[in-house]
Amino acid sequence: MFITFEGGEGSGKTTIIAKLKETLEQKGISVVTTREPGGSSIAEQIREVLLNNKNTDLKPHTEALLFAASRAQHLDEVIIPNLDKVILCDRYIDSSFAYQAYGRDLGMDFVKKVNDYALCYMPDLTFYIDLDHEVGLARVSKSRSHKKDRLDSEQTIFHDKVRSGYLELAKTEKRYKVINGNQDVESIYNEILNVILERL
Ligand code: TYD
């Protein structure tokens with residue numbers, strides 16, 4: 001079962017994925033956790049280029065291609081070899097739909113075209129933790145360890161486009177579950193865990 005998690009800063013995704021892994025493993029289920037961009041050594045090197053704050057000149061088409069390149073490597077090295085397990089992946093192709101197709105205005109056709117390979121390996125279930133960008137930002141800025149990357153530093157208008165992109169996608173994709181991100185992390189976790197256990 002291939003499960004992906006989408007949602008911006010302050011949505012608690014990382015904590016929730018770690019907790020889910022622990023709980024599912026206690027039930028004897030084999031779980032692999034991973035993330036995008038990254039998840040394998042080469043894909044993590046591409047991540048470094050994508051998120052580096054110095055790369056202010058990175059163009060939207062190049063950005064979309066690099067996310068797709070990182071994804072292709074990650075698919076071959078991590079996702080495909082583990083499809084017999086439960087895979088919990090922090091972001092996947094829907095991030096490219098929301099951030100590049102909607103946020104950067106590249107459109108779905110272009111993003112689908114460059115992600116042709118990944119379209120053959122779509123998630124069974126996708127959780128979108130929906131939270132207003134400003135609210136999420138206020139949550140993480142309390143934590144001293146939080147450093148903004150190149151995409152976090154985008155204007156509110158960009159993040160609003162990303163959010164409406166996700167909500168638009170959720171309307172048409174049956175695999176989507178939209179979770180209210182205004183709840184505390186524990187409640188979000190419980191809601192997600194229940195959906196996964198039902199499906200398993
Ligand atoms: P990361 O620190 O992993 O994000 P977060 O903690 O917010 O989940 O950074 C990944 C950033 O890359 C995030 O801003 C979303 C963006 N992104 C895209 O724009 N397109 C993509 O295809 C992916 C996978 C991520």
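Preceding this paragraph is the structure being described.
All figures in this text were calculated on a predicted structure; none of them were measured in a lab.

### Details of the packing of aromatic side chains
For the structure on display, the rule yields 6 aromatic pairs. Considering the side-chain rings of Phe5 and Phe127, the 5.5 Å spacing of their centres and the 25° angle between planes classify their relative orientation as stacked. Taken together, the positions of Phe5 in strand β1 (residues 2-6) and Phe127 in strand β4 (residues 125-130) put the pair 122 residues apart, joining distant regions of the chain. Judged by relative accessible area, Phe5 falls into the buried class, the value being 0%.

### Concerning the site of the ligand
Around the ligand, the structure places 14 residues, and the nearest of them are Lys13, Arg71, Arg91, Ser96 and Gln100. Arg47 places a polar side-chain atom, nitrogen or oxygen, 3.2 Å from an oxygen atom of the ligand. Ser96 places a polar side-chain atom, nitrogen or oxygen, 2.6 Å from an oxygen atom of the ligand. Calculation on the ligand without its partners gives an accessible area of 550 Å², and the protein chains cover 89% of this total. Elements with a contribution of two residues or more to the shell around the ligand: α2 (41-51), α3 (60-79) and α4 (93-103). Here the element with the most residues in the shell around the ligand is α4; it accounts for 4 residues. Counted by class, the shell around the ligand contains 5 nonpolar, 3 polar and 6 charged residues.

### Focus on helix α1 (residues 13-26)
Over its 14 residues, α1 extends 20 Å from the first C-alpha to the last, a length consistent with the 20 Å expected when each residue adds 1.5 Å. Listing the buried residues of α1 in full gives Lys13, Ile16, Ile17, Leu20, Thr23 and Leu24. Projected down its long axis, α1 carries its buried residues within an arc of 130°, all on one side. α1 presents Thr14, Glu22 and Gln26 as exposed residues on the side facing more than 90 degrees away from its buried surface. Packing partners of the buried residues in α1 comprise β1, β2 (31-35), β3 (86-90), β4 and α9 (185-199). A positive phi of about 85° marks Gly28, the residue just after α1.

What counts, and where the lines are drawn
- Along each chain, residues carry numbers from 1 onward, in the same order as the chain's sequence is written.
- Only residues with pLDDT of at least 70 get local features here, since the model is predicted, and only at 80 or more are side-chain atom pairs given and counted; chain-wide, interface and lining totals rely on the full set of residues.
- Note that water and hydrogens are dropped before the side-chain values are worked out from all heavy atoms of the structure.
- Aromatic rings from Phe, Tyr and Trp, with only the six-membered ring used for Trp, were paired whenever their centres fell within 6.5 Å, and each pair was classed as stacked if the ring planes differed by under 30 degrees, edge-to-face if by over 60, and tilted otherwise.
- Put simply, DSSP H or I for four residues or longer makes a helix, DSSP E for two residues or longer makes a strand, and each gets a number counted from the N terminus.
- Think of it in three bands: residues with accessible area under 20% of the maximum for their type are buried, residues over 50% are exposed, and the middle band is partly exposed, with areas taken using a 1.4 Å probe on protein chains only.
- Note on definitions. A residue lies near a molecule or strand when any single heavy atom of the residue is within 4 Å of it.
- Polar contacts, as counted here, are pairs of nitrogen or oxygen atoms within 3.5 Å of one another; within protein the pair requires one atom able to donate a hydrogen and one able to accept it, and residues that are adjacent in sequence qualify only if both atoms are side-chain atoms.
- Method for areas: the Shrake-Rupley scheme with a 1.4 Å probe, in which residue coverage is limited to the protein chains shown.
- Polarity classes work like this: nonpolar for Ala, Val, Leu, Ile, Met, Phe, Trp, Tyr, Cys and Pro, charged for Asp, Glu, Lys and Arg, and polar for all others, with Gly in that last group.
- A helix is expected to reach a length of 1.5 Å times the quantity of its residues less one.
- An arc is given here, and it is the one of the directions from the helix axis to the C-beta atoms.
- We call two residues in contact whenever any of their non-hydrogen atoms come within 4.5 Å of each other.

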